[in-house]
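# Notes for the structure review
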Amino acid sequence: MRLIDELDELHAHYARMIEAAIAADDIAAAEGYAQAYEDEAVQLMAEREGLTHLLPLPRFGTQPSALRARVRRFGRRAA
C-alpha cells in the first residue's frame, strides 16, 4: 500500500473518532485524538522513509493539523 493511502486511512479513522467525541461534547477526547493522529502520522512517515532515527520530532510549529483545527473550531463554537 502506498504511504499516501495509509495516511488517508489513518486520517479517516481519526476524523470519525473526533466527530464522535465532538458529538458527545467531549472536547478533551477530541483533542487527544487529534494529537494521536499527528503522532501516528509522523511515526508512519518516519518508518516508511527510514528516518526513525530522527524521532521524536519537536511538535509542529504554529500550524495545526487539519484535525486539530477542526477540534479548535468546534471548541470556539461551543464556548
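Residues numbered from 1 in each chain as written. Predicted model: local features only at pLDDT ≥ 70, side-chain atom pairs only at ≥ 80, totals over all residues. Heavy atoms only, no water.

### What about the pattern of salt bridges?
Under the counting rule described, the total for this entry stands at three salt bridges. Between Asp5 and Arg2 there is a salt bridge, with the nearest N and O atoms lying 3.0 Å from each other. On the accessibility criterion, Asp5 (27% relative accessible area) is partly exposed. Here Arg70 makes a salt bridge to Glu19, at a shortest N to O gap of 2.9 Å. In this pair, Arg70 is assigned in helix α3 (residues 66-78) and Glu19 in helix α1 (residues 3-23), connecting sequence segments 51 residues apart. With a relative accessible area of 26%, Arg70 lands in the partly exposed category. (Salt bridge = Lys/Arg side-chain N within 4 Å of Asp/Glu carboxyl O. Buried < 20%, exposed > 50% of the residue type's maximum accessible area, 1.4 Å probe, protein only. Helix = DSSP H or I, 4+ residues; strand = E, 2+ residues; numbered from the N terminus.)

### Digging into the packing of α1 against helix α2 (residues 27-49)
Relative to each other, α1 and α2 sit at 170°, their axes nearing to 9 Å. In terms of orientation, α1 lies roughly antiparallel with respect to α2. Between α1 and α2, the contacting residues are Leu3, Glu6, Leu7, Leu10, His11, Tyr14, Met17, Ile18, Ala21 and Ile22 on the first element and Ala29, Ala30, Tyr33, Ala34, Ala36, Tyr37, Glu40, Ala41, Leu44, Met45, Arg48 and Glu49 on the second. Residues belonging to the contact of α1 with α2 are distributed by class as follows: 17 nonpolar, one polar and four charged. (Axes fitted to C-alpha atoms, helices over the stretch in contact; angles between N-to-C directions. Parallel < 35°, antiparallel > 145°, perpendicular 65-115°, else oblique. Contact = heavy atoms within 4.5 Å. Nonpolar A, V, L, I, M, F, W, Y, C, P; charged D, E, K, R; others polar.)

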